[in-house]
Amino acid sequence: MSIRVAKTGNEAVAEGMRQINPDVVAAYPITPQTEIVQIFSSFVANGKVDTEFVTVESEHSAMSATVGASSAGARAMTATSANGLALMWEIVYIAASMRLPIVMPVVNRALSGPINIHCDHSDTMGARDAGWVQIFSENAQEAYDNLLQAVRIAEDKNVLLPVMVTMDGFIISHAMEVMHLLEDEKVRKWVGEYVPENPLLDVDNPVTVGPLDLYDWNMEHKRQQAEAMIQAKPVILEVAKDYAKLSGREYGLFEEYMLDDAEIAIVVLGSTAGTAKEVVKALRADGVKAGLLKVRVFRPFPAREIAAALGGKKAIAVMDRSDSFNAVSGPVFAEVRSAMYGVENAPKIVDYIYGIGGRDVTMDHIKSVYDDLAKIVKTGQVERALTYLGIRE
Amino acid sequence: MAKLLEIRWHGRAGQGAKTAALVLAEAVISTGRHAQAFPEYGPERMGAPMQAFNRISDVSITIHSHVERPKIVIVLDPTLMSVANVKAGVPDDGIYLINTPLSAAEIRKKLKLEDGKAKVYTLDATQISIDTIGRPIPNTPMMGALVAATGLLTLDELIGDTRIKLAKKLRPDIVDKNIEAIRRAYQEVAS
């Protein structure tokens, strides 16, 4: 049914892009994303894909060329990390507001400064209000699976929004592990032929793209954009269901790991979820009712569903791999705690900012978070609402 | 957890520690087991001390933190013994595999492992690679030594997978020389 291989995250995503065979890829290399573009360009050179590969001079141009290609009616992709995403900024928002179904793998890396090439989520968290669907991946398998699903989500007529698929820089992008690829033909059939909605190149039905839109209609158009994000939620679940039929692997808006009867739980995104699962297993062996909720879809944010999953727990720790510098908390905490407002028997909820600039997060670190939660349950007191995990002070 | 095996490779950038870890993971994965391989990325300059890691298990591995308590330590460059703390986090009954012309007894003394609980293996992998491949690239023979010392793979499994992997990049005669290096290392590694 599928092909068992040893791949790094970047290799897995490049293979997925080859199978998707997009019409246009415009990209600029940046560590740790570089390998994706490098491997994909070899597919182009070797005739393994039909893609028009545009080597641009910057990420601003990469996103601009991708927007141009997508407007013209092409299935268009790019990929980036950190400062590359930052340089795209202006056009990232434009891609979403033009309702272009662009798919972009983002290999998470700390935004400068100080300059750092390693993983944190400051790059994609910074873009959380840009209007893109954001799907986080725990490992190479999920990065691949999420990438394929992203195409169908983005191009759904009820959505028509760009999608970012993330994986943790180096930790996943450069680590080899076991994963399963689907057969090329199956993927191509499942992803399907792209039929654009209002392509510029359809000269019989001319359209205007990107016109001035002032106070007479701008608000209505932004409201429609917001509606598309609301509509994305059921579509993401439908696509996941259909993908499970193809792959045997099931996905939701988030993953619940031993959460059902848990009294204490952490909420986490990305590769740290995998490390935390081992901690949960060990705690369960010791009789501690620990659980985990791994957010897969961060935009649209599944607030109601998360509130339902966490309601009735005694204490929750949210893990943030970026800082909002708002003197309160990280961005994931702000979302989760807001989702919990008004929930009956709402748990005590605290925030941990961790893994900044690639700082390793060990099982001992995560164990200490569960220990803190156990203490909160025991004493009924929250000593610290925000902790910088493992910080030297 | 008990069945999770962790390995740390010490090398200098350019010596192939990362490649060796990747080759090992791929070979283990091809036997149906689970494995991870990942390097530590620091300043990228030739000759700088660096580390690479493996995890090996019969069941899927979800941990994605650094390896802190490796059961097996492999040192590709003997000069690292005085630079890197090769014993860091290793249990008393850990396994050390060192590329050096010195004997296992001499290394045991150097590393203060004379109580005998740890296993120490040595091999002059640099000399073997010069003799066979013609260049000082110790990572390939060290793979042969690792397999001999630990039984992680059979010699045939290692050679079979290495042949496939190297054939994608190297001329057939160079592939043969690498295989010869593995065979010699498998014979010559000593404890």
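See the structure printed just above.
Owing to the predicted nature of the structure, the values given are computational and were not obtained by experimental measurement. (Residues numbered from 1 in each chain as written. Chains lettered and ligands numbered in written order. Predicted model: local features only at pLDDT ≥ 70, side-chain atom pairs only at ≥ 80, totals over all residues.)

Peer 1: Help me understand the overall build of chain A in this model?
Peer 2: Along chain A, the regular secondary structure elements total 12 helices and 15 strands. Whereas a compact globule of 393 residues would reach a radius of gyration of roughly 21 Å, chain A reaches 21 Å, a difference of no more than 12%. Along the first, second and third principal axes, the C-alpha set of chain A runs to 70 × 55 × 45 Å. (Helix = DSSP H or I, 4+ residues; strand = E, 2+ residues; numbered from the N terminus. Rg over C-alpha atoms; globule rule 2.2 N^0.38 Å.)

Peer 1: Just checking my understanding: could you explain the overall build of chain B for this structure?
Peer 2: Each helix and strand in chain B was counted, giving 6 helices and 6 strands. Secondary structure of chain B in N-to-C order comes out as β-α-β-β-β-β-α-β-α-α-α-α. Over its C-alpha atoms chain B spans a radius of gyration of 15 Å, differing by no more than 12% from the 16 Å that the globule rule assigns to 191 residues. Classification of the 191 residues of chain B by burial places 46% in the buried group. Nonlocal contacts in chain B, meaning residues at least 24 apart in sequence, comprise 63% of its contacts between residues at least 6 apart. (Buried ≥ 20, exposed ≤ 12 C-beta atoms within 10 Å, placed from the backbone. Contact = placed C-beta atoms within 7 Å.)

Peer 1: I tried to follow the sheet that holds strand β15 (residues 386-388) of chain A on my own but got confused; where do I start?
Peer 2: The pairing of strands in a sheet comes from backbone hydrogen bonds and takes either a parallel or an antiparallel form. Residues and elements named next belong to chain A. Reading across the sheet, the 6 strands line up as β9-β11-β10-β13-β14-β15 and stay open at both edges, with mixed pairing between neighbours. For this open sheet the edge positions go to β9 (254-257) and β15, each flanked by a neighbour on one side alone. On average, each strand axis in the sheet is tilted by 20° relative to the strand beside it, whichever way the strands run. Two elements, strand β10 (residues 264-268) and strand β13 (residues 315-320), share 4 bridges in a ladder whose sense is parallel. In the sheet register, isoleucine 266 faces β13, and the bridge partner there is alanine 317. Its contacts with the sheet put helix α9 (residues 272-285) on β9, β10, β11 (290-295) and β13, and the angle it makes with β11 is roughly 165°. (Pairing = 2+ DSSP bridges. Axes fitted to C-alpha atoms, helices over the stretch in contact; angles between N-to-C directions.)

Peer 1: What should I look at first to understand the environment of leucine 214 of chain A in this one?
Peer 2: Residue and element names in this part refer to chain A. Of note, leucine 214 is situated in the loop between α7 (184-191) and α8 (218-247). The class of leucine 214 is exposed, set by 6 C-beta atoms lying within 10 Å. Through-space distance from the C-alpha of leucine 214 to that of alanine 127 is 24 Å; in sequence the pair is 87 residues apart.

Peer 1: It is not clear to me how the nonpolar core should be interpreted in this structure. Could you clarify?
Peer 2: Soluble globular proteins tend to pack their nonpolar side chains together in the buried interior. If you look at the biggest cluster of nonpolar residues, it comprises 181 residues, and the most contacted ones within it are Val163 of chain A together with Ala145 of chain B. The biggest single contributor to this core is helix α1 (residues 17-30) of chain B, with 10 residues. Three or more residues apiece are contributed to this core by two domains, here domain 1 (2-247) and domain 2 (254-388) of chain A. (Core = buried A, V, L, I, M, F, W, Y, C linked by C-beta atoms within 7 Å. Domains from an automatic or database assignment.)

Peer 1: Sorry, what's going on with the interface of chain A and chain B here?
Peer 2: It is common to report an interface's size as the accessible area lost on association of the parts. At the interface, 18 residues of chain A touch 16 residues of chain B. Of all the secondary structure elements, the ones that give two or more residues to the side of chain A that touches chain B are β8 (176-182) and α9 of chain A. Examining the composition of the side of chain A that touches chain B, we find that 5 residues originate from one element, α9 of chain A, more than from any other. Of the residues contributing to the side of chain A that touches chain B, the split by class is 8 nonpolar, 6 polar and 4 charged. (Nonpolar A, V, L, I, M, F, W, Y, C, P; charged D, E, K, R; others polar.)

Peer 1: I tried to follow the environment of glutamine 38 of chain A on my own but got confused; where do I start?
Peer 2: By secondary structure assignment, the location of glutamine 38 of chain A is in helix α2 (residues 34-45). Note: C-alpha distance between glutamine 38 of chain A and alanine 27 of chain A (11 residues apart in sequence) is 9.8 Å.

Peer 1: Looking at this structure, how should I read the pairing of β8 of chain A?
Peer 2: Each regular strand displays side chains that alternate between the two surfaces of the sheet. Residues and elements named next belong to chain A. Counting buried residues along β8, 6 of its 7 residues qualify, which places the element largely inside the surrounding structure. Here strand β1 (residues 2-8) runs beside β8; their pairing, made up of 7 bridges, is antiparallel. Within β8, the position partnered with arginine 4 by the bridge is histidine 180.

Peer 1: When you look at the packing of α9 of chain A against helix α12 (residues 363-379) of chain A in this model, what are you seeing that I'm missing?
Peer 2: How two helices sit against one another is set out by the angle between their axes and by the gap between those axes. Residue and element names in this part refer to chain A. Where α9 contacts α12, the two axes come as close as 9 Å, and the packing angle between them is 55°. Overall, the two elements α9 and α12 adopt an arrangement that is oblique. When the axes of α9 and α12 are compared, the crossing they make is right-handed. Of the residues in α12, those in contact with Thr275, Ala276, Glu278, Val279 and Leu283 of α9 are Met363, Ile366, Lys367 and Tyr370. The class makeup of the residues in the contact of α9 with α12 is 6 nonpolar, 1 polar and 2 charged. (Parallel < 35°, antiparallel > 145°, perpendicular 65-115°, else oblique. Left-handed = near helix turned anticlockwise from the far one by under 90°.)

Peer 1: In this structure, what is going on with α12 of chain A? I would like to understand it.
Peer 2: Residue pairs spaced three or four apart in an α-helix point in one direction, given the helix's 3.6 residues per turn. Residues and elements named next belong to chain A. With 17 residues, α12 ought to run about 24 Å at 1.5 Å a step, and its terminal C-alpha atoms sit 24 Å apart, in line with that. Burial in α12 covers these residues: His365, Ile366, Val369, Tyr370, Asp372, Leu373 and Ile376. Projected onto a plane normal to the axis of α12, the buried residues spread over an arc of 150° and lie on a single side. Turned more than 90 degrees away from the buried face of α12 sit Asp364, Lys378 and Thr379, all of them exposed. Residues of α12 that are buried make contact with β10, α9, β11, β13 and β14 (348-353). (Expected span 1.5 Å × (residues − 1). Arc of directions from axis to C-beta.)

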